[in-house]
Every structure is written in C-alpha cells, then in structure tokens.
Amino acid sequence: MTYFADLSSRQVASLPDDERVPVLLLPVGAIEPHGPHAPLGTDPLISRGMCERAAERLAADDDVHVLVLPEVPYGVTRFAAGFAGGIHIGEETLHSLLVDIGAALIAQRLGRILLVNNHFEPAHLVTLRRAAETLNFAYDGRVALLELVRRRHAERLTDEFRSGECHAGRYETSLVLADRPELVDQTLMRTLPHVPVSLAAAPADGGFREMGMTDAYCGKPAEATAREGEETFSTLTDLLVEAIRELARE
C-alpha cells in the first residue's frame, strides 16, 4: 500500500517492527493563484506527485517501506495577497500543525518523516525548517525537509527553475500537464507572454503585483509541455528517493 491513511490501525501498529525501515512522506504546498491558466493547488499537486512516484519506485525495496501521508495543502502565502483563491495561514499555525502531526507519529515509533515541499515563499520555507528542527530536538524525531532550492538540488532541475522565473511558468505548468493536464487551460496558456521576474530576488515585503507579476505568474508558461513535466518529475523523484535512503540510514 502507498497511502498511510489507507492502512488499518493494526497495520500501522506493526510498521515499527517491520524488517524494512518505515519512512513517511508528508506532501506540503500552498493554495494560491498560479496564473490565469493553472490550478490553485499546483504546489501540493507537485509534492503529492513526487511522493507517489517515489513510493511506487521503492514499492519492492528490501530496505525501506515508504508511505505517503495525507498532504498539508495550506501554507504561508502572503505574496498572493489581492488575488482570488489564495488561502494564507500564518507561520505559527503552520508550525503548530506540522509539529502536532509529527509528534503524533513519533509517539508511535514512526519518527522518520520527510517533508516534501513545492511552495518556495521564504517565510514558508523558514517555517518548515523550524518545524523539522522542533520535532528533532524536542521530540527526538528523524524529520527532514527536501529543499529543492538548495544549489545541489536546483542544479539538477531546469534552467527556468534555477533562474527563479518558475511560479506557474514553464517549469510548474509542465509538471501539472504531466500529472493532471485537464486542470490547465492550454489554449490560454499558449497566449501568455514571458514575464521575466525572478522570485529569487523577491523583496522582503510586497507580493506578486509589486514584483510585476500582474497575472500571478512568471517565466514562460506558453512553452510548457507534458514531456518536460515527465522528465522533471523523474528528476524530482530521483532527488526524493535519495533523501528517503539518507533518512532511512539515520
């Protein structure tokens, strides 16, 4: 089985005594506008897609037992203020939620938890890091965060991702096309002009509008393809599998 919530209570109770090391994946993202063409749930969709692919790849593995937890789709998303559909939660709310989820699992001897995130607003990332640190130091967990923005990971992803022009641009839109193409307005997508705004240079205050993202996207969504999305998902899955194995060895 791939999904933690599909297990019975008895099956969960037996996980810590399994010969394989249980590693639980927690997909994280945010509900926010992704241009006029892509779904609000783009970020958690990508996180979930990565987790499902990694669990499938490791389904017959002799060393690790990977399970996907129900996702946490809400995050810190002040950048999206003023656009319809954004659902922001504060840093302390997100921190408390993640810590409570992790603490409940650690108490059941399921302490190896990997946060899989695809929402890169700085305040959101800081909160995820802090939640992992709290669980490790206060609850004796083995909790890690796969940080795709780290140079060693980003250099394996696409040019647009590395440029920072990747909010609902070619990078993210291609991933949605690979997983849920029916959620993308492809006719509209092909008409969207390049918006050369890098989130890597985002100001400490302000939001998408202030950055020049008047339609809540940057980059080149018109160039997105399902093929690129599948290739990127393959790379993302490689990174996730490597992180799973590293966590299992701790």
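Bear in mind that the values here come from a model prediction, so they are computed numbers and not experimental data.

A. Structural detail: the pairing of strand β4 (residues 142-146). Pairing of strand β3 (residues 112-117) with β4 involves 5 bridges; the strand directions are parallel. Across the sheet, isoleucine 113 pairs through a bridge with valine 143, a residue of β4.

B. Fine view of the nonpolar core. In this structure, Leu25, Met50, Leu114, Leu236, Leu240 and Ile244 are the most contacted members of the largest nonpolar core, which totals 37 residues. Among the elements of the structure, β1 (21-28), α2 (42-57), β2 (64-68), β3, α7 (170-179) and α10 (226-249) are those that each provide at least two residues to this core. Sorting elements by how many residues they give to this core places α10 first, with 9 residues. Here methionine 50 is in contact with Val116, Asn118, Leu146, Leu148, Phe233, Leu236, Thr237 and Leu240, once residues within four sequence places are set aside. Phe4, Leu24, Leu26 and Ile113 belong to the second-largest nonpolar core, a separate cluster that totals 27 residues.

C. Fine view of helix α4 (residues 122-138). Relative to the 24 Å expected for 17 residues at 1.5 Å per residue, α4 spans 24 Å between its end C-alpha atoms, a close match to the ideal helical length. By the burial criterion, the buried members of α4 are His124, Leu125, Thr127, Leu128, Ala131, Ala132 and Leu135. In a view along the axis of α4, the buried residues occupy a sector of 160°, so they form one face of it. Exposed and facing more than 90 degrees away from the buried side of α4 are Phe137 and Ala138. Buried residues in α4 make contact with β1, α3 (91-106), β3 and β4. One or two steps after α4, the chain reaches aspartate 140, where phi turns positive at roughly 60°.

D. The layout of surface pockets, seen in detail. Taken as a whole, the largest pocket spans an internal volume of roughly 480 Å³. Every residue lining the largest pocket is counted, 23 residues in all, and those nearest its centre are Phe120, Val149, Gly164, Leu199 and Ala200. Mapped by element, the contributors of at least two residues to the lining of the largest pocket are α4 and α6 (159-163). The element contributing the most residues to the lining of the largest pocket is α6, with 3 residues. Here the lining of the largest pocket is composed, by residue class, of 12 nonpolar, 6 polar and 5 charged. The computed volume of the second largest pocket comes to approximately 270 Å³.

The rules behind each value
- Residues numbered from 1 in each chain as written.
- Predicted model: local features only at pLDDT ≥ 70, side-chain atom pairs only at ≥ 80, totals over all residues.
- Heavy atoms only, no water.
- Pairing = 2+ DSSP bridges.
- Helix = DSSP H or I, 4+ residues; strand = E, 2+ residues; numbered from the N terminus.
- Core = buried A, V, L, I, M, F, W, Y, C linked by side-chain atoms within 4.5 Å.
- Buried < 20%, exposed > 50% of the residue type's maximum accessible area, 1.4 Å probe, protein only.
- Contact = heavy atoms within 4.5 Å.
- Expected span 1.5 Å × (residues − 1).
- Arc of directions from axis to C-beta.
- 1 Å grid on protein atoms, 1.4 Å probe; cavity = no way out; pocket = protein on both sides within 12 Å on 5 of 7 lines; lining within 4 Å.
- Points joined across faces, edges and corners; volume = space filled by probe spheres on them.
- Nonpolar A, V, L, I, M, F, W, Y, C, P; charged D, E, K, R; others polar.

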